[in-house]
Structures are given as structure tokens and as C-alpha cells.
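Chain by chain, the residues run as shown.
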Amino acid sequence: MPSKRKVELAVLALCLNKLNVKKKKKKKKKRRAEWVKKWLLDRDKHTHINLLSELRTYPSDFHNYMRMDDETYHTLLEMVTPLIEKQDTKMRRSINPHERLTATLRYLATGRTYEDLKFTTCISPQALSKIIPETCRAIYQVLAPQYLKFPTTEAEWKEIAKNFEERWQFPNCLGAVDGKHVAISPPPNSGSYFYNYKGFHSLVLMAIANANYELIYVHFGTNGRVSDGGVLGCTEFYSKLKQGTLNLPQISDNGLPYAFISDEAFALREDFLKPFNVRVLNDHKRIFNYRLSRARRVVENVFAVLKSRICLQLDNIDAVIMACCVLHNFLRTNVSHQYTLPGSFDMEDPDTHEIQNGVRAGESNIAPLASGQTRNSSEGAKRVRDLFVDYFNNKGSVAWQNRLAGLSDSEH
């Protein structure tokens, strides 16, 4: 009998224990997560769009916030709306083009993260991660045909060369070429594929600028591991240059051929000028290096204005970079006095011709190409450069060049 009683008590204890466990599980059961945060649903109440409406009565504040004036902004909005407009559904109201474009422009202007940007836009980071690349691609699509147009005729190339000669006293220059490593967050298991000489993962942005700080060609996407001398060879521009299909003009009345100008990272060609190495400099070559550097700094200034503080995921960075490039030309054309304020570009004193540096691209997320190794340039390429050396030291000399090239004689 006692043993039977013990069994009954044991069974009862087991049942009570199971009942207590169930109660504890119910207590520990978490409250179901919200599908979307309430304050995000109240977008109309909290969004920065309300602030933007107020800023229209204060043009300078509107410009500081959007990096363009109200008229220019609405011109851009009208152009991109057909590509980014979405339909409302029974479940929710769509994010309209105005909200999409303002979020994208604030992202490009500030480099803020999606997580941070959600507090002013009242749009979730998940939605922003889709909206911003999509809007960037729309911006490039509508602006590129007009504002990032590559020259196709001899007359267009000559116009670029004329502007370089008038503004920078460098004749027959078809464009200033440069490239930068742009930092990326590499995809998993990519190893050293994107790893560059500066010690970070990157893709290379190649660009050609005209004398007015506008881009005429952009190529983005070469992985950072490619040697800097080989980056140019990955572009469509260089393929056409070697094939002779760019419709470039030939020798001009001054006896000089037409050429692009670059820095030490690129190879010397008959149609590509670069400075002399410091180890072989004499007075005449110093003059050439000064004159080339003076004209070539336009592309350095463009990169400085475009510099990005954003380290992006690989699948979105192309859209952001290309949108930045075409927006640069769009704003330079339409509101240059507002877009590039004094101090943005290098300023040359009209009397002394000394340079006061403008902004420069930092190297946290954007870095220059490495100086190229000494290459065996063709005799034809060397002769072309020597023609420019002779021109700058004789017929094409300017009064201040000796002094600013660091020579003892103050005037030439």
C-alpha cells in the first residue's frame, strides 16, 4: 500500500511539474514584433519633406540642404519621375518620387548611412537600400545623354583644345585624364581580388575632364588589384584610342599634335603626355612639367568635388558613382555659381599666377593611382613631348613660368 501511494504521488508531482513548465513558457513568450514601426507609418507627419516645404521661402537654406536651388531640383524631379514613380496598393501608400529623390540627394550630399537617414526621411533602411540605387540609375539615365556626352567629331575635340589653350595656355589638349581608387565593402570570399596598393579594397574610377571642370568621359569598375598602368587599358576609350577611331584632329597650325594629358601613373604615348621623371629634369623640362601640371589640375579638382565619404556595398556603388559624375556636370552647367562655391577649385592669382589650393580628395575612401614604373616609351612619343618642351620654352612661353617652376630667373 505505501508503495502504491508513492507511485501516485510521483505521478502527481510529474503532472504538476509539466503544468508549471507550460506556464513559464507562456510567460516567456515574446510579444510579437511590429510589422512596421508606428512612427514610420506616420511619414507625412515626421518626414523632412515638411521642412523642405518651409525652406523654399529661404533659398540659401534650401540650397544648403539640397545642394541645388528649387528650380533646378524640380527640373531634375520632372525628368526622373517617370522612372521612379510607383503605384499605391491596398496595403500601403507608395513612396512618391519627391520623397525618393530628396532621400537620394541627401544621401549623396552627406554620406549618411541608411540607418541614420531613416530618421529624417521616415523611410525604413530596407526600403532606402532599394530606393537610392534605383534613383541613382534613373538620374544617370536621364542626364547622361546631354550632360555626359563624349566628343564624336573632330570639331568637338578642337573646341575642347581651344578652351584649354584660352584658359590654361596649354595648346592642343584634348582632356585631362586621371583615376582614383574608390573604397568598397568587398563581397564575401573575394580574397585579394579588389585589394589595392593603399591597403584597402577598391574599384577604380577613370575620368577625363575638359578645361571647364566638366567630365567628358567616365569609366568605373576595374578592380583595385589591377596594376595602375593597366587600368586605362580596361576602358573602351583606350581601345578606341589605339584603334584610331576617336576622330581626333591631327597636327595643328602651331606644328604640335593633339594629345591628352596625364600624370606619372600612365604611359607616355604620341597622343598621351605625362611629366618627366624628377631624375632627368633640367630647366626646360621643369617648365614643361609646370605647364602640364597647371592644365591637368582641373581633373584633380573634379575628383575633389566628387570625393565620397561613403564605403558602399559592391552591388550598389556603380549606380552611386555614375549618378555623382553626371550630377556634377548637370549642376556645373545649370547652377555652377551655387554648386562650386569659392574655394572648391584651385584659384590662380591673376597678377602673380600663384595657386591657392581648393578642396582636395582625402585618402580615407578615395586614393590616387600609384606612379607608374619606368616604361620604355616609343621614340615617337618622346619626340612629341619634346615638341611641347620646345614650344613652352620659346614661342609658347609665359612671363611667370620660370618663377613658378622654381627656376632662379624670375621672368622668362
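Just above, that's the structure.
As the structure is a prediction and not an experimental result, all values here were calculated from the model.

Caption draft 1: Focus on the overall build of the protein. Counting its secondary structure elements, the protein contains 16 helices and 9 strands. Residues classed as buried in the protein amount to 48% of the 412 residues present. Here the analysis covers contacts within the protein between residues at least 6 apart in sequence; of these, 67% occur between residues at least 24 apart. Element-wise, carbon and sulfur atoms account for 51% of the exposed surface of the protein, whose accessible area totals about 22300 Å².

Caption draft 2: Region of interest: the nonpolar core. With 108 residues, the main nonpolar core has Leu-76, Phe-164, Phe-170, Leu-215, Phe-237, Phe-260 and Leu-273 as its most contacted residues. In terms of residue count, helix 14 (residues 314–339) provides more of this core than any other element does, 13 residues in total. Once residues within four sequence positions are removed from consideration, Phe-164 is found in contact with Gln-169, Phe-170, Cys-173, Gly-175, Ala-176, Ala-209, Asn-210, Ala-211, Ala-295 and Val-298.

Caption draft 3: Examining the pairing of strand 1 (residues 173–185) more closely. In terms of burial, strand 1 is a largely internal element, 13 of the 13 residues being buried. Bridge count for strand 1 against strand 2 (residues 202–209) is 8 bridges, and the pairing is antiparallel. Paired with Val-177 across the strands is Ile-208, a residue of strand 2.

Caption draft 4: Structural context of the packing of helix 13 (residues 283–306) against helix 15 (residues 379–392). Between helix 13 and helix 15, the least distance of the axes is 9 Å, while the angle of their chain directions is 95°. The orientation of helix 13 relative to helix 15 falls into the category roughly perpendicular. Residues His-284, Ile-287, Phe-288 and Arg-291 of helix 13 touch helix 15, and the partners they reach there are Arg-385, Phe-388, Val-389 and Phe-392. Taken together, the residues of the contact of helix 13 with helix 15 break down into 5 nonpolar, 1 polar and 2 charged.

Caption draft 5: Local environment of the packing of aromatic side chains. Evaluation of the coordinates by the stated rule reveals 20 aromatic pairs. Judged by centre distance (5.6 Å) and plane angle (65°), the ring pair of Phe-150 and Tyr-217 falls under edge-to-face. Of this pair, Phe-150 sits in the loop between helix 9 (125–147) and helix 10 (154–168) while Tyr-217 sits in strand 3 (residues 215–223), and the two are 67 residues apart along the sequence. Here the aromatic rings of Tyr-193 and Phe-194 are separated by 4.8 Å at their centres, their planes lie at 85°, and the arrangement is edge-to-face. Here Tyr-193 falls in the partly exposed class, since its relative accessible area comes to 44%. Each member of the aromatic cluster is reached from another via a ring pair, and the members are Phe-150, Trp-157, Tyr-217, Phe-237, Phe-260, Phe-266 and Phe-272.

Caption draft 6: Expanded view of helix 6 (residues 70–84). Look at helix 6: 20 Å from first C-alpha to last across 15 residues, which is about the 21 Å you get at 1.5 Å a residue. The largest bend along helix 6 reaches roughly 30° and is located at Glu-78, with the proline Pro-82 sitting one to four residues downstream. Among all positions of helix 6, only Thr-72, Tyr-73, Leu-76, Leu-77, Val-80, Thr-81 and Ile-84 are buried.

Caption draft 7: Up close: the packing of helix 10 against helix 13. For the pair helix 10 and helix 13, the least separation of the axes is 10 Å and the interaxial angle reads 115°. Between helix 10 and helix 13, the angle is such that the two are roughly perpendicular. Where helix 10 crosses over helix 13, the two elements pack in a sense that is right-handed. On helix 13, the residues touching Phe-164, Arg-167 and Trp-168 of helix 10 are Arg-294, Ala-295, Arg-297 and Val-298. When the residues that make up the contact of helix 10 with helix 13 are grouped by side-chain class, the tally is 4 nonpolar, no polar and 3 charged.

Caption draft 8: Looking closely at the side chain of Thr-222. Following the sequence through the fold, Thr-222 ends up in strand 3. Those residues in contact with Thr-222, other than ones at most four positions away along the chain, are Ser-202, Leu-203, Val-204, Val-231 and Cys-234.

Caption draft 9: Structural view of the pairing of strand 2. The buried fraction of strand 2 amounts to 8 of the 8 residues, a majority that puts the element mostly inside the structure. Counted between consecutive antiparallel strands, the loop separating strand 2 from strand 3 contains 5 residues, among which Tyr-213 sits at a positive phi close to 65°.

Caption draft 10: Just unusual backbone geometry, in detail. At Asn-172, a position not held by glycine, the phi torsion is positive, near 60°. Position of Asn-172 relative to the elements: it lies in the loop between helix 10 and strand 1. Residue Asn-172 is classed as buried on the basis of its relative accessible area of 4%. Despite not being glycine, Tyr-213 has its phi angle at roughly 65°, a positive value. Of note, Tyr-213 is situated in the loop between strand 2 and strand 3. A relative accessible area of 2% places Tyr-213 in the buried class.

Caption draft 11: Structural view of the pattern of salt bridges. In the structure shown here, the tally under the stated rule is 20 salt bridges. A salt bridge links Arg-100 to Glu-134; the shortest N-O distance between them is 3.3 Å. Here Arg-100 is found in helix 7 (residues 97–110), whereas its partner Glu-134 is found in helix 9, with 34 residues between them in sequence. Look at Glu-134 and you get partly exposed, because its relative accessible area is 28%.

Caption draft 12: Looking closely at the environment of Arg-332. With respect to the secondary-structure elements, Arg-332 resides in helix 14. Separated by 120 residues in the primary sequence, Arg-332 and Asn-212 have C-alpha atoms spaced 8.9 Å apart. What Arg-332 contacts, discounting residues up to four positions off in sequence, is Asn-212, Tyr-213, Glu-214, Tyr-339, Thr-340 and Phe-345. Within the structure, Arg-332 has its side chain in polar contact with the backbone oxygen of Asn-212 (distance 2.9 Å).

Reading the values: rules and limits
Residues numbered from 1 in each chain as written. Predicted model: local features only at pLDDT ≥ 70, side-chain atom pairs only at ≥ 80, totals over all residues. Heavy atoms only, no water. Helix = DSSP H or I, 4+ residues; strand = E, 2+ residues; numbered from the N terminus. Buried < 20%, exposed > 50% of the residue type's maximum accessible area, 1.4 Å probe, protein only. Contact = heavy atoms within 4.5 Å. Areas by Shrake-Rupley, 256 points an atom, 1.4 Å probe, with all protein chains shown as cover. Core = buried A, V, L, I, M, F, W, Y, C linked by side-chain atoms within 4.5 Å. Pairing = 2+ DSSP bridges. Axes fitted to C-alpha atoms, helices over the stretch in contact; angles between N-to-C directions. Parallel < 35°, antiparallel > 145°, perpendicular 65-115°, else oblique. Nonpolar A, V, L, I, M, F, W, Y, C, P; charged D, E, K, R; others polar. Phe/Tyr/Trp six-rings, centres within 6.5 Å; stacked < 30°, edge-to-face > 60°. Expected span 1.5 Å × (residues − 1). Bend = angle between axes of the 7 residues up to and from the residue. Left-handed = near helix turned anticlockwise from the far one by under 90°. Salt bridge = Lys/Arg side-chain N within 4 Å of Asp/Glu carboxyl O. Polar contact = N/O pair within 3.5 Å; in protein donor to acceptor, adjacent residues only side chain to side chain.

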